Amino acid sequence: MHVAVNAAMSADGKLSTREREQVAISGPDDFDRVDAMRADSDAVMVGVGTVLADDPSLTVDDGARRERREAAGKPANPARVIADSRMRTPTDARVLDDAATTYLLTSEGAPPDFVDEIEDTGTDVITAGETRVDLDAALSELDDRGIERLMVEGGGELIFSLFEAGLVDELSVFVGSRIIGGRNAPTLADGDGFVDEFPALELTGVDRLDDGVVLSWDVS
Ligand SMILES: NC(=O)c1ccc[n+]([C@@H]2O[C@H](COP(=O)([O-])OP(=O)(O)OC[C@H]3O[C@@H](n4cnc5c(N)ncnc54)[C@H](OP(=O)(O)O)[C@@H]3O)[C@@H](O)[C@H]2O)c1
């Protein structure tokens, strides 16, 4: 499986405010770039923190891109994947609507009643890990279900864990022209942080877009 992480951050590396409220960091050209990336993916993944903060739909916005996917024998929208060890995703979250297939990755610690409730929405629940989602095992289950290209849209906790597990192949970041600040505001990679064996990146692109820049790296 190929895993591509994409996010938008402020010039000071923040994904949103300390109140974890979504901020418009990029502009229309970057939205279009992200939409094209989604359309080229088999699935789009976020952590439950992003579901709770932003309630994203993670679908492809552009009708022509959806039509091209269907013409190629694919579903109009890529599948959605949520990492949610304790089943905190609300049953009325937009990622659980019928616009696309949704896989919810959870742990053995998830309350069984909540698992039943989420399965009733038509969501495919994948259990991997004792108390927290074991991303390595969960992604290989997704691979078995035909997910070859996985796009990850955040947030910082999930992105850090994916780097920690050595699962990221590619990173692209829109860096916007504003400062958000806040020591507790989410950054591109949160988690516990690395103190050694820092993942090494190879810069593959620097592109000016909207009022910012898109930086692209391969993970060595
Ligand atoms: N600017 C952007 O591009 C962008 C993109 C996305 C999000 N955001 C912002 O980022 C914020 C949310 O980010 P976040 O870091 O709080 O949340 P997140 O990364 O979306 O989700 C983190 C949660 O995922 C669950 N999870 C399950 N398995 C995990 C694992 N193996 N490793 C890590 N997490 C795992 C954990 O909750 P459980 O323990 O309960 O499972 C964890 O708290 C929001 O403010 C949102 O607006 C910005």
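As a reminder, the structure under discussion sits directly above these lines.
These figures come from a predicted structure and were not determined experimentally.

### Thoughts on the site of the ligand
Next, step 1: Neighbouring the ligand are 28 residues, the closest being Ala-8, Ser-16, Thr-50, Ser-85 and Ser-161.
Next, step 2: Between an oxygen atom of the ligand and a side-chain N or O atom of Arg-20, the distance comes to 3.0 Å.
Next, step 3: With respect to the ligand, the side chain of Asp-54 contributes an N or O atom lying 2.8 Å from an oxygen atom.
Next, step 4: In isolation the ligand has 930 Å² of accessible area, and contact with the protein removes 90% of it.
Next, step 5: When contributions to the shell around the ligand are tallied by element, the ones reaching two or more residues are strand S1 (2-9), helix H2 (48-54) and helix H6 (156-164).
Next, step 6: The element contributing the most residues to the shell around the ligand is H2, with five residues.
Next, step 7: For the shell around the ligand, the class distribution of residues is 11 nonpolar, nine polar and eight charged.

### Points about the pattern of salt bridges
Next, step 1: Under the counting rule described, the total for this entry stands at seven salt bridges.
Next, step 2: Arg-145 is paired through a salt bridge with Asp-124; the nearest N and O atoms lie 3.2 Å apart. Separated by 21 residues along the polypeptide, Arg-145 in the loop between helix H5 (135-144) and strand S6 (149-152) and Asp-124 in strand S5 (residues 124-127) bring together distant segments of the chain.
Next, step 3: Owing to a relative accessible area of 35%, Arg-145 belongs among the partly exposed residues under this scheme.
Next, step 4: Classification of Asp-124 by relative accessible area gives partly exposed; the value is 28%.
Next, step 5: One salt bridge connects Glu-141 with Arg-145, and the closest N-O pair in it is separated by 3.0 Å.
Next, step 6: Within this structure, Asp-32, Asp-35 and Arg-65 form a network of salt bridges that share partners.

Cut-off values and rules
Residues numbered from 1 in each chain as written. Predicted model: local features only at pLDDT ≥ 70, side-chain atom pairs only at ≥ 80, totals over all residues. Heavy atoms only, no water. Near = heavy atom within 4 Å. Polar contact = N/O pair within 3.5 Å; in protein donor to acceptor, adjacent residues only side chain to side chain. Areas by Shrake-Rupley, 256 points an atom, 1.4 Å probe, with all protein chains shown as cover. Helix = DSSP H or I, 4+ residues; strand = E, 2+ residues; numbered from the N terminus. Nonpolar A, V, L, I, M, F, W, Y, C, P; charged D, E, K, R; others polar. Salt bridge = Lys/Arg side-chain N within 4 Å of Asp/Glu carboxyl O. Buried < 20%, exposed > 50% of the residue type's maximum accessible area, 1.4 Å probe, protein only.

On their own, these measurements won't tell you what the molecule is for.
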